[in-house]
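Each chain, letter by letter, is given below.
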Amino acid sequence: MTIKVEIKNTGETIIKPQPEVSSLVLNGTKAIIQAPASYPYVTSLDPGKSVSMTFKLKLKCKNQVSIKASIPGVGWDGEVNAQPCASFYQDCVDRVNNLRALENLSPLVRDQGNEESADNDARANYEANIPHSSVSSDAQNECPTYPNTSLILDDCIEKQMYYAEKLCYEKNPDSCYLDKTCQCGHYVNITDNSFTKLACGLYETPNGKFKAILNFFK
């Protein structure tokens, strides 16, 4: 993740920045940013003048970032509370609704109130290493771990749960939960018209991969 900020002298006198000019607070833990010695930084900053700086950070999915100035008279203008995976929850619901639209089904409502429970299900199932060991919904789809959330949407939900399982369903709709070589229960949940809400959950594993849960509600 890249954070671009503008450092501005908001005071009335020239600022001569010290090597330590700023700090990032990452989930409550303070990390010092050292001012680079070369361009684009400057050795002094006149009142009202500013300079842009770019910081590259490798963040975990749930990291919250806030930027704070550490010397008087320096104002920051940049991204605050950046969360790399925040869009996954909406993207997950949107992807399922796009697939439901192919079946002329009504869209599901994003159930934000149950997303924390879905996150907990994802973590519990990962730690138990047993599919659906924790289910806080009327029905649940579960993805294995993936290196990024894009693959969860593209490979797990769309390619596997929808298109591949649809073929199995069309061959024998009564064998969804019996034929282990050609299952289609995930497809059935995605296209079940009795469901009205969906809460997606995500857990970032200790090795930096992601496990997702789709919890369906009537």
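Coordinates for the structure precede this section.
Everything in this summary refers to the structure shown in the same document. Note that this is a predicted model, so its numbers are computed, not measured.

Within the protein chain, the secondary structure is distributed over four helices and 10 strands. Taken across its 218 residues, the protein chain has 41% of its residues classed as buried. Within the protein chain, contacts between residues separated by at least 24 positions form 67% of all contacts whose residues are at least 6 apart in sequence. By element, 49% of the accessible surface of the protein chain is carried by carbon and sulfur atoms, the whole surface being about 12,000 Å².

What follows is about the packing of aromatic side chains. Under the defined criterion, the tally for this structure stands at six aromatic pairs. Judged by centre distance (5.6 Å) and plane angle (50°), the rings of Tyr126 and Tyr203 are tilted. Here Tyr203 lies in strand β9 (residues 197-204) and Tyr126 lies in helix α2 (residues 115-128), a separation of 77 residues in the sequence. Classification of Tyr126 by relative accessible area gives partly exposed; the value is 29%. With a centroid separation of 5.5 Å and 50° between ring planes, the pair formed by Tyr162 and Tyr187 is classed as tilted.

The mixed open sheet is built from four strands, whose spatial order is β7-β9-β10-β8. Edge positions in the open sheet fall to β7 (109-110) and β8 (139-142), since each of these has one partner strand only. Against the sheet, α2 makes contact with β7, β8, β9 and β10 (210-217), and its axis sits at roughly 45° relative to β9, the strand it touches most. Against the sheet, helix α3 (residues 149-171) engages β8, β9 and β10, with an angle of about 50° to β10.

On to α2. In this model, α2 (14 residues) spans 20 Å end to end at C-alpha, consistent with the 20 Å of a helix rising 1.5 Å per residue. For α2, every residue scored as buried is listed here: Glu115, Ala118, Asp119, Asp121, Ala122 and Asn125. Projected onto a plane normal to the axis of α2, the buried residues spread over an arc of 160° and lie on a single side. Relative to its buried face, α2 has exposed residues pointing more than 90 degrees away, namely Glu116 and Glu127. In this structure, the buried residues of α2 make contact with α1 (88-102), β7, β8, β9 and β10. Just past α2, the residue Asn129 takes up positive phi, approximately 60°.

Look at Asn104: it is not a glycine, yet its phi comes out positive at around 60°. Examined against the element boundaries, Asn104 turns out to sit in the loop between α1 and β7. Residue class for Asn104 comes out exposed when judged on its relative accessible area of 73%. We note that Asn129 has phi near 60°; this positive angle belongs to a residue other than glycine. Mapped onto the secondary structure, Asn129 falls in the loop between α2 and β8.

The next thing to look at is the state of the cysteines. If you walk through the whole model with that rule in mind, you get three disulfides. Disulfide pairing is shown between Cys143 and Cys156; the S-S distance is 2.0 Å. Between Cys143 and Cys156, the disulfide has an S-S torsion of -100° and is therefore left-handed. Pair noted here: Cys143 is in the loop between β8 and α3 and Cys156 is in helix α3, with a separation of 13 residues, a long-range link.

Look at any regular strand and the pattern is simple: side chains alternate between the two faces of the sheet. Burial along β8 is two-sided: the face carrying Ala139 and Asn141 and the face carrying Gln140 and Glu142 are both buried. The pairing of β8 with β10 spans four bridges and is antiparallel. Bridge assignment links Gln140 to a residue of β10, and that residue is Asn215.

Note that soluble globular proteins tend to have their nonpolar side chains buried in a common cluster. Counting 28 residues, the largest nonpolar core has Phe88, Ile152, Ile157 and Leu202 as its most contacted members. Sorting the residues of this core by element identifies α1, α3, α4 (185-190), β9 and β10 as the ones contributing at least two each. Beyond its immediate stretch of four places on either side in the chain, Phe88 contacts Thr149, Ile152, Leu153, Cys200, Gly201, Leu202 and Ala212.

Criteria and thresholds
Residues numbered from 1 in each chain as written. Predicted model: local features only at pLDDT ≥ 70, side-chain atom pairs only at ≥ 80, totals over all residues. Heavy atoms only, no water. Helix = DSSP H or I, 4+ residues; strand = E, 2+ residues; numbered from the N terminus. Buried < 20%, exposed > 50% of the residue type's maximum accessible area, 1.4 Å probe, protein only. Contact = heavy atoms within 4.5 Å. Areas by Shrake-Rupley, 256 points an atom, 1.4 Å probe, with all protein chains shown as cover. Phe/Tyr/Trp six-rings, centres within 6.5 Å; stacked < 30°, edge-to-face > 60°. Pairing = 2+ DSSP bridges. Axes fitted to C-alpha atoms, helices over the stretch in contact; angles between N-to-C directions. Expected span 1.5 Å × (residues − 1). Arc of directions from axis to C-beta. Disulfide = S-S within 2.5 Å. Core = buried A, V, L, I, M, F, W, Y, C linked by side-chain atoms within 4.5 Å.

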